Every structure is written in structure tokens, then in C-alpha cells.
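Chain residues, written in single-letter form:
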Amino acid sequence: MRRRPDQLASLLLRAEGWTTASALADALGVTPRSVRSYIAQLNARSAPAVAVESGPSGYRAERAVLAGLRREAEGATPQDRLHSLVRELLEAASGIDIHRTADRLHVSAATVESDLVRVRDLIGASGLQLQRSGPRVVLMGDELSQRRLVSRLAHQEMESGFSDLTTLRQTAGLESIDPAAFSPFKQELATRLGEQGFYVNELAVSDVILHVAIAADRVAHGRPLTGTHVDPSPQQEQIAQLLNTLSRKHFGTQMGAGDLHHLASLVLTRAVAPKGGNAEVALDPQIEATVSRAVQQAAHEYLVDIVHADFLRRLSLHVQNLVHRAKEQAWSRNPLTRSLKSTYPMVFQVAVSISSEVGEQLGLSIGDDEIAYIAMHVGGRLERSRRSETVLTATIVCPGYYELHELLRSRIDRSLGASVEVTAVETEMDPDWAEITTDLVLTTIEPPVPDERTVLLPPFLTDADTGRISAAAARRRRALRLARLRAELEHYFHPDAFIRPLTAGSEEEAIRSLGAPLVDLGVIDGDYIERAVIREQLSSTAFTDALAVPHALKMTAGRTALSVGVADGSLPWGESRVQFVVLVAFSEEDREAFQTIFEQLVEVFNERDSVQRLLRRGTDFAGFLDELTAVIDD
């Protein structure tokens, strides 16, 4: 499969349900006609089976067929050919012959020469290099650097959509490892680490096991690590012994001290956190102070409740491990990075702020995957802080006999006390309905004018009744949240800051185009635009497949305003393509509005139907604002 059809296959395999031709075209930066052509190519290759099903709602992957087609295409794409070439270089101590390699791959020698240029780019900062003597090329570098290259190949395949262990085994060249051994190894490792006093990061432990498998395979081929740790800590020695036992049991490999201590270091800095007691570790005072300043600054900037001693300690320990990983250039991968950015953009933004300050103070360059782990720490802390903020107030209206209203209140408190707080009880047959101002009205008598707050109940609640109250509470929370958003959007959008079509060749060009009308309106100055460009370089603000939200880290705008750009088709943005770009300029006084607008705007643009509706009908500023409000109301 060529590159575009391969990318299309990835999109369809990741999608849930049907996807329209226009949505696929926008994601790929091509026309719907090209999408139909690519799908025809895929189905031709899979004949007589169908790889992609078509229907009135668009296209949908026949997953088994399409995934199998991609596996059969091994070596057909430039990416596959590059990985095959790297594996051959890793395995051949004496190097490869360009002409023989070209014959094996069924390409020209010139194509292999071109691929070698890409290999040099791939290994640029890894400590490895290619040495050339006539047609023979040798990969030079130490064993640890070569293992990191194997790990990088596996991660690139996972990013391309391959997730089964058999494919990863083939991609990374781990032919001596049985894929069936991965799962029991992981389960037993997690159990035993828990028994030794550690919390296990299930996301990161899979990456560690990949490194264990790489080590086992390299040792089996006579390429062990030596002398990586001269004086291991007691914790490191303890985990090394555990890894030795498990690698012999599950992979059938006896590793030496160099391999075991290196892998134990990876476990300690990536996959575990101490529960306390014997597993507790000391914190570097400089790192602890740096993290504390960064968290306090982010808490002030974004009005978030994250300055807590337990949170600061856990995050400081994470950053301390991050520093160790940075020294070895052994970054952790996070499979949830994409979903965290699109689902919790505000949390991710707070993490970017913390990462920026920590990176600047400690001399680190922190990538998206590592930022995502910090976002998970932030999200956990905010979730604890927000629980009390989600409680709705309620009035019970229950005229009746003796203690009926008390029984009703007791049942509501027991069933819904975490989300609904009864603040008033009315026992009159004809209460003043207009005076009831709580979020919900839970009544046993019919009100004269029912509204969205009202839930009509029997005196004795059933489980179904409490379910109806929960559903009404959820609707009310959303209505209150969206009502605030509608009012804020009408205040912050401006007709002069609406550009359709937005044309730009880069993220920076788009940011400058959208910033210009805000400068003319006196909202921001040129410095704000420069800082928005710098913020974009830290981490892409493409928070969904359709929307980028560039902004500066500091809220220094004269007032809060949004500048909107709508592309005809889509624009390249980081590793994605987007159709909408909203430059956000926030003032210090509107910090609280930042969270509401930021999260809700991304939520709207995370729904494909809403995006298509805004594209079709939001042809001018008035139409865009009308449709955005209508989409929010839906």
C-alpha cells in the first residue's frame, strides 16, 4: 500500500463506526474523490474480501480484513522498508551490502541509498552512526544505543496503528521471544512489585516489558550489556533479582548483572511509585523546590486547586524519575496522550505550563508523552478538588401525611447525597413556586408550569425514581454549564476577528493572521503573538482532529477575545490537520472564564457531526455564532 492509502487505513481502523468521505479527506488533506480512489485500491488488494465497507453514512473498516491487509503489506511502504533496513543493520555486525539489500527488497540501489539518508536522520541524536566503505554500510555504536533504536522502531509501529504483539515482535526483530510470554510476565511483575511496596503504572509497565523482551532477545543473540551500574541501590538490586527470576521463567533467558540493573533502573524510573515504608525514596531538594514553584505558578494562572502536599510530593517524584530518564534519553511513551489532549484540554494545558517551567529550570526538553503523564497527575488532583463543585441544590416539595417528606429526604440523601444536596423542604399544598431557586425541584405534586428543573416523584421512591433524578441532575448540570458558555461566547467573539477562508502554510503564519485583527481591536500586542508562537512550539494545540487553539502561556491580553479561522479543506497543524483555528487571548481578570471556554469549545469540536454542521452553515460570522450556539444547545 502506498502512503496515503496506508494513512487512510489507520484512520478507519481507529474510527468508531462510520466516517464520511469529507471527514477522511480533511484528515488526509486530499479531496473526497481521492479518498474514494484510495478505498478502491484497498478493496482491490483485499479481493474477494472487502477491506472497507461503504454506505449512506460513509465508510467503515472491516477490521479483520483491513488489519490483515496492512500486515501483508510489510515492506511495501517507505516506512516498512526503512524499518526492515534498520533491523538488517542491527542484526549484521559486519554490515550490509547495498546491492544485495536492494535485490532482497525488490527496489533499486538508488532507493536503498535514499533510505539510508532516512536512517541517518532516524539515528541522528542516538549515539549511533553509519560507516560506509564502498557498497558496504555498518551501524556503529554501543549496545545500549542499539537497544534504544529497537525500542523506537516498536514505538513507531504502535503509533501507526499496529498493537498486536506478534506484529511488534516482527517489527522489533524479537524473533527469539514468544509473544504469548508477554502477558503472564506483565501480570506477575505487577503483582510482585505490589507485594514489594510499589504502586504500578500499568501504562508504563508495558513499555518496560518491551525493553525486557528486547534485552532477552539481544542476550540470546550474544549481545549483553556490561558495566552499566557499578553500585546499584538496595531497591535496584531487589528489582533486578525479581526480573532475573521472571525473565528465566517466561522468556527462558539468563541475563547478566549489566542487563538486570539497567532494566531495574527502568522499572524504578518509569513504572512504579513507592507506597511508603521500605519502598520510600528521598527527593532531590532542588527538584522538589522547582516543582513546587511551577505548580504554584500554574495554580495562580489557571485558578486550579492543585497546591497540596501529597500532590507536590508525587509530582516531584515523577519529575525526579523524568530527570533520570532524560539523562539516558529513555523517554516514557504514553498511549493516552492523544485522548488526554482532546478530552481534557484544560488539564493538559495546566500540565504544559508546569512542564514549561520545570523544563526551563532543570534544562529539560519535555515532549508530549511526558507532558501527558504530568497531566494525569494534575487530572487526579483536580478530580478530587472538583467533586464538591458538582453537587446541585434541590428543594423537596412534599405535602402529605406525618413524616412522608422526611422519609423522602432520607432516601434521596442516601441514594444521591454525593451529587444532590437538599437545601429546602416545602410541605404546603400550594407553595410559591416562583420563589424556589434551587437547581432541582423534586416534587410529589404537579407544578403549575413544569420546567427542566422539575422531577415529579411518588412519595416512596423506587430505584427507577432515583435514576430519573440522577438523569435530571446530569441534564441540569450540562444546561447550567452550557448557559454560562453561551453568554461568554457572545461576549468574547467579535465579527472583525472571523476569517474564512483561513489560508496559511504553517502554524506560525496562521497564528499571525488571526492575531492581526486582535491587535487592531486593541486586545493584544505583538508580544502576545510572539509568545503564542513560542507556546505552539512547546506542544501542539491541535486538541481534536478538527480544532487547534493557539494561545500564550501568560494571560496578558487587555481583555479576553477569540479570533476564529475556518479553512477551506484543512490546514497542517503539528502531526495533524485541522479545519478550525481559534486564537485565544485571555486577560488576567478572566482567568476563571479560561477553563469554561477552553474545555467546552474543545468538547464541541470533538464531535464530527458538529464540525460538519459548522463548516456547512457557518459561512459568515453571524452564521457561525448562531450555529455554534445551536450545536451547544443540542
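Quick caveat: nothing in here was measured; it's all calculated off a predicted structure.

Draft legend 1. Layout of the overall build of the protein chain. Counting secondary structure elements, the protein chain contains 25 helices and 15 strands. Here the protein chain holds 634 residues, and the buried ones make up 51% of them. Nonlocal contacts in the protein chain, meaning residues at least 24 apart in sequence, comprise 70% of its contacts between residues at least 6 apart. As displayed, the protein chain offers around 28,700 Å² of accessible surface, 49% of which is attributable to carbon and sulfur atoms.

Draft legend 2. Molecular detail of the sheet that holds strand 10 (residues 440-443). Taken in spatial order, the four strands of this open sheet run 9-8-10-11, and their pairing is parallel. This sheet does not close on itself; its edge strands, each paired only once, are strand 9 (420-426) and strand 11 (454-456). Going across the sheet, the axis of each strand differs from the next one's by a mean of 25 degrees, ignoring polarity. Pairing geometry for strand 8 (residues 392-397) and strand 10, over four bridges, is parallel. Residue pairing across strands places A394 opposite L440, the latter belonging to strand 10. Along the sheet, helix 19 (residues 404-416) contacts strand 8, strand 9 and strand 10; its crossing angle with strand 9, the most-contacted strand, is approximately 170 degrees.

Draft legend 3. Broad picture of the packing of aromatic side chains. On inspection of all chains with the given rule, the structure shows six aromatic pairs. With a centroid separation of 5.4 Å and 45 degrees between ring planes, the pair formed by F498 and F624 is classed as tilted. Taken as a pair, F498 in strand 12 (residues 493-499) and F624 in helix 25 (residues 621-633) lie far apart in primary sequence, 126 residues in all. You'll find F498 and F624 in the same group, each marked buried. Three or more aromatic residues joined by ring pairs make a cluster, and in this case those are F493, F498, F580, F605, F621 and F624. Taking NZ or CZ as reference, K341 lies 6.0 Å from the ring centre of F543, over its face.

Draft legend 4. Inspection of the nonpolar core at higher detail. By size, the foremost hydrophobic cluster in this structure holds 64 residues, and its most contacted members are I306, I354, F605 and L628. Ranked by residue count, the leading element in this core is helix 17 (residues 345-362), at eight residues. Formed by 28 residues, the second largest nonpolar core is a distinct cluster that contains F182, L242, L260 and L266.

Draft legend 5. Structural view of the packing of helix 21 (residues 507-520) against helix 22 (residues 526-538). Running from amino to carboxyl end, helix 21 crosses helix 22 at an angle of 150 degrees, the nearest separation of the two axes being 10 Å. With respect to their mutual orientation, helix 21 and helix 22 come out roughly antiparallel. As helix 21 packs across helix 22, the resulting crossing turns out to be right-handed. Across from E507, E508, I511, R512, G515, A516 and V519 in helix 21, the residues of helix 22 making contact are I529, E530, A532, V533 and E536. Residue composition of the contact of helix 21 with helix 22, grouped by class: six nonpolar, one polar and five charged.

Draft legend 6. Just a negative patch on the surface, in detail. On the surface, E428, D430, D432 and E435 cluster together into a negatively charged patch. Its place among the elements puts E428 in the loop between strand 9 and strand 10.

Draft legend 7. Region of the structure containing the sheet that holds strand 12. Spatial strand order, 12-14-15-13: four strands in an open sheet with mixed pairing. Each of the sheet's edge strands pairs with one partner strand only, and the pair in question is strand 12 and strand 13 (547-548). One ladder, built from nine bridges, connects strand 14 (residues 561-573) with strand 15 (residues 576-585); its direction is antiparallel. Its bridge partner lying in strand 15, V566 is registered against F580. Most of the contacts of helix 21 go to strand 14, to which it runs at about 150 degrees, and overall it touches strand 12, strand 14 and strand 15. Here helix 24 (residues 608-617) sits on the sheet in contact with strand 14 and strand 15, set at roughly 75 degrees to strand 15.

Draft legend 8. Quick peek at the pattern of salt bridges. Scanning the entire structure with this criterion turns up 18 salt bridges. The partner of E143 in a salt bridge is R218, and the shortest N-O contact between them spans 2.8 Å. Here the residue E143 occupies a position in helix 8 (residues 143-159), and R218 occupies one in helix 11 (residues 202-220), the gap between them amounting to 75 residues. You'll find E143 and R218 in the same group, each marked buried. For the salt bridge of D463 with R411, the shortest nitrogen-to-oxygen distance reads 3.0 Å. On the criterion of sequence distance, the pair formed by D463 in helix 20 (residues 463-492) and R411 in helix 19 is long-range, its members being 52 residues apart. Within this structure, E188, R192 and K249 form a network of salt bridges that share partners.

Draft legend 9. Representation of helix 21. The terminal C-alpha atoms of helix 21, which comprises 14 residues, lie 21 Å apart, in line with the 20 Å expected from a rise of 1.5 Å per residue. Among all positions in helix 21, only A510, I511, L514, G515, P517 and L518 are buried. At the C-terminal side of helix 21, G522 shows a positive phi close to 80 degrees.

Cut-offs and rules
- Residues numbered from 1 in each chain as written.
- Predicted model: local features only at pLDDT ≥ 70, side-chain atom pairs only at ≥ 80, totals over all residues.
- Heavy atoms only, no water.
- Helix = DSSP H or I, 4+ residues; strand = E, 2+ residues; numbered from the N terminus.
- Buried < 20%, exposed > 50% of the residue type's maximum accessible area, 1.4 Å probe, protein only.
- Contact = heavy atoms within 4.5 Å.
- Areas by Shrake-Rupley, 256 points an atom, 1.4 Å probe, with all protein chains shown as cover.
- Pairing = 2+ DSSP bridges.
- Axes fitted to C-alpha atoms, helices over the stretch in contact; angles between N-to-C directions.
- Phe/Tyr/Trp six-rings, centres within 6.5 Å; stacked < 30°, edge-to-face > 60°.
- Lys NZ or Arg CZ within 6 Å of the ring centre and 35° of its normal.
- Core = buried A, V, L, I, M, F, W, Y, C linked by side-chain atoms within 4.5 Å.
- Parallel < 35°, antiparallel > 145°, perpendicular 65-115°, else oblique.
- Left-handed = near helix turned anticlockwise from the far one by under 90°.
- Nonpolar A, V, L, I, M, F, W, Y, C, P; charged D, E, K, R; others polar.
- Patch = residues over 30% accessible without salt bridge, like charges linked within 9 Å, V, L, I, M, F, W, Y side chains within 5 Å.
- Salt bridge = Lys/Arg side-chain N within 4 Å of Asp/Glu carboxyl O.
- Lys, Arg positive; Asp, Glu negative; His and termini not counted.
- Charge placed at Lys NZ, Arg CZ, Asp CG, Glu CD.
- Expected span 1.5 Å × (residues − 1).

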